[in-house]
Amino acid sequence: MAGSSKFLLAAILKPWRHAELYDEYRTSGVGFRTALLLVVLGLVFSLTSMVKAACGHFPAVPVILPLRLENYFVWQAFLVIPWIVLTWLLVGLLAAGILKLPGSAAVSLRQVMVLLGLSFSNFLFLLWIPHLITAGLYLLGMSQKEWVDLLSQPGWFQALYLVLIMLAVLVGWLALNLSLVRKKKKGNPAGWLVANLGFLVWIFLLAVFLR
């Protein structure tokens, strides 16, 4: 358990060390630890979604999936973990296919999946902070209208919200580029392509569901 906790904390707090983290835990269940990390982050999203649902709130932005607004956070609470894991698997398979193109250096599917999952964990953790703040404000009695007004008006809250979202994207993207490109041969474009295309596809898939 101590080893897993150390792995989870290092993955989230030290995104520049993902390549070294893979090497360190390569023979100690690194794939399982990465999957566990994503499940834990999905769980914290689920908890904040439950809080929003219990407070009677609903998404303030348009939804894409055919789910009723008043029950959206209930569905999100139950489906966010499998959604995160499933999209991770889909992007991992896409990335592995790209890295097997002619001229690419050999790379294992496990390596690709782990490095993608680790970078996704940075994005998810930073993205969860605005959700946590929102859930906390709802628990303190803030209404849906008050929250929308606070977020839509220029000020410290809007700036904080936007900064955290942009920071989440930037940190996750940089972490994936650093780890995958470092694992590839110098000058090989496959690592760069996976890092950018894979991350963009995953953000899109996540944005379809997460509110």
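Residues numbered from 1 in each chain as written. Predicted model: local features only at pLDDT ≥ 70, side-chain atom pairs only at ≥ 80, totals over all residues. Heavy atoms only, no water.

Asker: Whenever I open this one, the overall build of the chain confuses me. Can you help?
Answerer: A tally of regular secondary structure across the chain gives eight helices and zero strands. Mapped from its N terminus to its C terminus, the chain presents α and β elements in the order α-α-α-α-α-α-α-α. By residue count, 44% of the 211 residues in the chain fall in the buried class. For the chain, long-range pairs separated by at least 24 residues make up 75% of all intrachain contacts whose partners lie at least 6 apart in sequence. (Helix = DSSP H or I, 4+ residues; strand = E, 2+ residues; numbered from the N terminus. Buried < 20%, exposed > 50% of the residue type's maximum accessible area, 1.4 Å probe, protein only. Contact = heavy atoms within 4.5 Å.)

Asker: Which parts of the structure should I look at to understand the packing of helix 3 (residues 30–54) against helix 4 (residues 72–99)?
Answerer: For any two helices packed against each other, one specifies the crossing angle of their axes together with the interaxial distance. Contact pair helix 3 / helix 4: the axes reach a minimum separation of 8 Å and the direction vectors enclose 160°. Regarding the angle of helix 3 to helix 4, the classification is roughly antiparallel. In the packing of helix 3 onto helix 4, the handedness of the crossing is right-handed. A breakdown of the residues in the contact of helix 3 with helix 4 according to their chemical character gives 15 nonpolar, six polar and one charged. (Axes fitted to C-alpha atoms, helices over the stretch in contact; angles between N-to-C directions. Parallel < 35°, antiparallel > 145°, perpendicular 65-115°, else oblique. Left-handed = near helix turned anticlockwise from the far one by under 90°. Nonpolar A, V, L, I, M, F, W, Y, C, P; charged D, E, K, R; others polar.)

Asker: Help me out: how do you make sense of the side chain of Ser179 in this one?
Answerer: Structurally, Ser179 is set in helix 7 (residues 156–183). Polar contacts involving the side chain of Ser179 include one to the main-chain carbonyl oxygen of Leu176, which spans 3.2 Å. Leaving out residues up to four positions away in the same chain, Ser179 has contacts with His18, Ala19 and Leu115. (Polar contact = N/O pair within 3.5 Å; in protein donor to acceptor, adjacent residues only side chain to side chain.)

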